[in-house]
Amino acid sequence: MDPEGPQCHCGNRGCLEAAAALPALVERWGGTREEFLSALAREDSKAMNVVLAAGEPLGIAIANLINLFSPKMIVIASPIPQLIEILLPRVRQVVDARAIPWQRGRVAIVGSDHGQRAGMVGAATLILARLLSQPRTAFLEKSCLQGGIGR
Ligand SMILES: [Zn+2]
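Residues numbered from 1 in each chain as written. Predicted model: local features only at pLDDT ≥ 70, side-chain atom pairs only at ≥ 80, totals over all residues. Heavy atoms only, no water.

**Here we look at the coordination of the zinc ion**
Operational definition: Coordination shells were defined by N, O and S atoms within 2.8 Å of each metal, extended to 3.2 Å for Na, K and Ca; water is absent from the atom set, which can make sites look incomplete.
Protein ligation of the zinc ion involves Cys8 (SG), Cys10 (SG) and Cys15 (SG), the donor distances falling in the range 2.2 to 2.3 Å. Read N to C, the donor residues that coordinate the zinc ion are spaced as C-x1-C-x4-C.

**Some words on helix 5 (residues 81–98)**
Given 3.6 residues to a turn, an α-helix orients residues that are three or four positions apart in the same direction. To keep things clear, this is the line we draw: Numbering of helices and strands runs from the N terminus, with a helix taken as a DSSP run of H or I at least four residues long and a strand as a DSSP run of E at least two residues long. Working rule for helices: expected span equals 1.5 Å times residues minus one. In this scheme, the bend at a residue equals the angle between the axes fitted to the seven residues that finish there and the seven that begin there. Note on classification: 1.4 Å probe, protein chains only; a residue is buried when its accessible area is under 20% of the maximum for its type, exposed when over 50%, partly exposed between these limits. Any two residues whose heavy atoms approach within 4.5 Å are treated as being in contact.
Between its terminal C-alpha atoms helix 5 stretches 25 Å, which fits the 26 Å expected from 18 residues at 1.5 Å a residue. Its axis deflected by about 35° at leucine 87, helix 5 carries its strongest bend there, up to four residues before the proline proline 89. Within helix 5, the full set of buried residues consists of Leu83, Ile84, Ile86, Leu87, Leu88, Val91, Val94 and Val95. Elements in contact with the buried residues of helix 5: helix 2 (22–29), helix 3 (33–41), helix 4 (45–69), strand 1 (73–76) and strand 2 (108–111).

**Points about the packing of helix 2 against helix 3**
This is how the line gets drawn: The convention used is that axes are lines fitted to C-alpha atoms, helices contributing only their stretch in contact, and that angles between N-to-C directions extend from 0 to 180 degrees. Any angle from 65 to 115 degrees is called roughly perpendicular, while one under 35 is roughly parallel, one over 145 is roughly antiparallel, and all others are oblique.
It is the contact of helix 2 with helix 3, at a shortest axis distance of 9 Å, that shows an interaxial angle of 85°. Taken as axis vectors, helix 2 and helix 3 run roughly perpendicular relative to one another. Contact residues: helix 2 offers Leu22, Leu25, Val26 and Trp29, while helix 3 offers Arg33, Glu35, Phe36, Leu37 and Ala39.

**Some words on the environment of arginine 98**
Looking at where arginine 98 falls in the secondary structure, it is placed in helix 5. When the C-alpha atoms of arginine 98 and glycine 59 are compared, they prove to be 8.3 Å apart, with 39 residues separating the residues in sequence. Discounting chain neighbours no more than four positions away, the residues touching arginine 98 are Ile60, Ala63 and Asn67.

Now the structure itself:
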């Protein structure tokens, strides 16, 4: 996202994770995760602003995805549902400003209801989609049996 951005644990700089993931938000706020979540629960303005600031790089990344792939829906997941509630309006605002005009309004940007299970639900959905779209061959493919369903 930003070559001069914050250091990411993957070794790169300016990754979306370094800008918008919960650990980055907690670090930017300057306290423990529990203190940050408590501050958000009481709508502390500094904590809210840290989350809102993350909406810009997240919105830019999503606008790029929309411009490249024309998805019908973008689902944002977080183990902390309150983060999604705070982020969504800002993300939608950034996307409206940056997505190609004819793409605007054609994509639903929604929050996941799955909380901490979102990753597992997403993985299971990929498997089910493959099995349902190719029921005769999905079980027979070697790559399917070895966990290569997403390929
Ligand atoms: Zn990274």
